[in-house]
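Okay, here's what each chain looks like letter by letter:
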Amino acid sequence: MEYTPEEVMQYFEEEDVKFIRLMFRDAFGVQKNISVMPGEMKKAFLDGIGINAGRIAGFESSGRSNLYLKPDISTLAILPWRPESGRVVRMFCDVCDARGTSVDADTRVILKKAIKKAADEGVSFRFGSMSEFYLFKLDDEGERTYIPYDEAGYMDIAPLDKGENIRREICLTIEEMGLRPERSHHEQGPGQNEIDFHYGDPLTAADHMSTFMMAVSTIAGRNGLYADFSPKPVRDKPGNGYHVNIYAKKVSEAESSCSVNDSKDLTGASADAGFAGSGQDVGRYVSAGILDKIKEITLFLNPAETSYRRFGTNTAPDRVNWSPDSRSSLMHVSEKNGMIRTELRSPDALSNPYLAYSLLIEAGLYGIRNKLTLPEMAGDDDDERELLPQSLKEAKEAALHSEFVRNILPDSIMEIYCSGN
């Protein structure tokens, strides 16, 4: 169900909303926002709220110093950690010029275009996330340390696992904000945790990842801790992965159009967390397409030099391979509930989820169009398989020489990711 600006304004009044945080991401996926009061929202809905784009990574080369944030009403959610009197809500925004035209460098818009392309080809995608993070103690000045919150190991319980109450608080908080937590547990590293949440359409899933990281960081801080999502925060300990699960199927025209913009209620909860109706499973084509293009898109899944320190350590993948369940494979391809599930295990949470999902959709569509088949699965001779890029420099070179990537991403995004050594 869609809501009108007038209904949202009434909601603000009834719920005593005093501040609205208009949120967006820069090209690298760093979350940004400005806060406005309800009196400014009529202007926001009509014309957008102006920002100085010259200081935002990815937008500074747009040729326009002033850009505008246009809120997406369907993403409205209360921030549960803020006071109930004088509530604070957030909405994700698209970045537009003065004429209301979307800006090419807005990665949320790039994802919308990829979803639209998939819908035009009769393909519907669902994405789910499995994200790991460390909890480190703060020092007496409130600055982060690298002292882990506990010394527990994989799936340990209290009292070894000191993070269970924090994970519980995170799960309850994100549930209030429209996410559906699936499971949570202590991970391998000391102070390392994982929380998984249910599938959604690609745009909702990317918005949910933004919500999740904000909630985790906020709740950790409220508990005197620092949440670290970086790929390799401690050199000799397991790294943090951001595993992406993908379902895909060919659907009817009606189902395809619905998947572009699933209805939501005023708390931001998706009304459609899974697939409904019939359709042809195209998961194996999607898996093959992603494997075919993985080296070319790795830069956008692993955008920092530290990303490559994680590859090949513990169970983090470093080769272009797949299996049904091998813990160290790049991709798990298996059947679940009668459909093929693809789990890509190389990304890390420094990636911009809007860019990551855009490229994964495009690679999946490439596999479907060309009816690609998966290569032989990982086995004893796996050392002979191609390596993923082993450094940020290698990943940049692969992206720069990729016609596939250049046909998807605007020059402004390519320049900011591929510049430098």
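Computed from a predicted model, the values in this text were never measured in an experiment.

Further remarks concern the side chain of Arg 341. Tracing the backbone through its elements, the reader meets Arg 341 in strand β16 (residues 339-344). For Arg 341, a relative accessible area of 18% translates into the label buried. Those residues in contact with Arg 341, other than ones at most four positions away along the chain, are Tyr 199, Asn 245, Ile 246, Tyr 247, His 332, Val 333, Ser 334 and Lys 336.

In this section: the pairing of strand β10 (residues 192-200). In summary, the side chains of a regular strand alternate between the two faces of the sheet. Most of β10 sits inside the fold, with eight of its nine residues counted as buried. The pairing of strand β7 (residues 123-138) with β10 spans seven bridges and is antiparallel. Within β10, the position partnered with Met 130 by the bridge is Asp 196. Alignment of strand β9 (residues 181-186) against β10, held across five bridges, turns out to be antiparallel.

As a further point, take empty space enclosed by the protein. Using the criterion set out here, one finds four cavities of 30 Å³ or more in the structure. Quantified by volume, the largest cavity comes out at close to 70 Å³.

Across the chain, the average pLDDT comes to 91, with 91% of residues at 70 or higher. Contacts of residues 261-274 to residues separated by more than four positions or lying in other chains number 41 contacts, the stretch itself having pLDDT below 50.

Here we take up the packing of aromatic side chains. The geometry of an aromatic ring pair is captured by the separation of the ring centres together with the interplanar angle, meaning the angle of the planes. Per the stated rule, a full pass over the model turns up 15 aromatic pairs. Arranged with centres 4.8 Å apart and planes meeting at 50°, the rings of Phe 28 and Tyr 417 form a pair that is tilted. Of this pair, Phe 28 sits in the loop between β1 (17-25) and β2 (31-36) while Tyr 417 is found in helix α12 (residues 411-418), placing the two residues 389 residues apart along the sequence. With a centroid separation of 6.3 Å and an interplanar angle of 65°, the aromatic rings of Phe 133 and Phe 212 are classed as edge-to-face. On the criterion of sequence distance, the pair formed by Phe 133 in strand β7 and Phe 212 in helix α5 (residues 202-222) is long-range, its members being 79 residues apart. In this structure, Phe 133 and Phe 212 share a single accessibility class: buried. Among the aromatic side chains, those forming a connected cluster through ring pairs are Phe 133, Phe 197, Phe 212 and Phe 229. Above the ring of Tyr 146, the side-chain terminus of Arg 144 is found at 4.1 Å from the ring centroid.

Turning our eyes to something else, we now look at the packing of helix α3 (residues 107-120) against α5. Running from N to C, α3 and α5 cross one another at 155°; their axes reach a closest spacing of 9 Å. Considered as vectors, α3 and α5 are oriented roughly antiparallel to each other. Within the contact between the two elements, α3 uses Arg 108, Leu 111, Lys 112 and Ile 115 and α5 uses Pro 202, Leu 203, Ala 206 and Asp 207. Its residues assigned to classes, the contact of α3 with α5 shows five nonpolar, no polar and three charged.

What counts and how
- All residue numbers here refer to positions counted from 1 along the written sequence of the relevant chain.
- Restriction of local features to residues with pLDDT of at least 70 applies here, the model being predicted, together with a cutoff of 80 or more for giving and counting side-chain atom pairs; totals for whole chains, interfaces and linings are based on all residues.
- Only hydrogens and water are removed before side-chain values are computed, so all heavy atoms of the structure are retained for them.
- Strands here mean DSSP runs of E at least two residues long; helices mean DSSP runs of H or I at least four residues long; both are numbered from the N terminus.
- Throughout, exposure labels follow a simple rule: accessible area from a 1.4 Å probe, protein chains only, divided by the maximum for the residue type, with under 20% read as buried, over 50% as exposed, and the rest as partly exposed.
- By definition, residues are in contact when any of their heavy atoms lie within 4.5 Å.
- Whether two strands pair depends on DSSP finding at least two bridges between them.
- Within this scheme a cavity is a closed region of a 1 Å grid, computed over the protein atoms alone, that accommodates a 1.4 Å probe without allowing it to escape, whereas a pocket is open but has protein on both sides within 12 Å along at least five of seven lines; lining residues each have an atom within 4 Å of a point.
- Grid points are joined across faces, edges and corners, and a volume is the space filled by probe spheres set on the points.
- pLDDT is defined as a per-residue confidence score from the predictor, taking values between 0 and 100.
- Side-chain rings of Phe, Tyr and Trp (the six-membered ring for Trp) are treated as a pair once their centres are within 6.5 Å; stacked means planes under 30 degrees apart, edge-to-face means over 60, and tilted covers the remaining angles.
- The criterion for a charge sitting over a ring is simple: Lys NZ or Arg CZ within 6 Å of the ring centre, and within 35 degrees of the ring normal.
- All axes here are fitted lines through C-alpha atoms, helices being fitted over the stretch that makes contact, and every angle between N-to-C directions spans 0 to 180 degrees.
- Orientation labels follow simple angle bins: below 35 degrees gives roughly parallel, above 145 gives roughly antiparallel, 65 to 115 gives roughly perpendicular, and whatever is left gives oblique.
- Under this grouping Gly is polar, as are all residues other than the nonpolar Ala, Val, Leu, Ile, Met, Phe, Trp, Tyr, Cys and Pro and the charged Asp, Glu, Lys and Arg.

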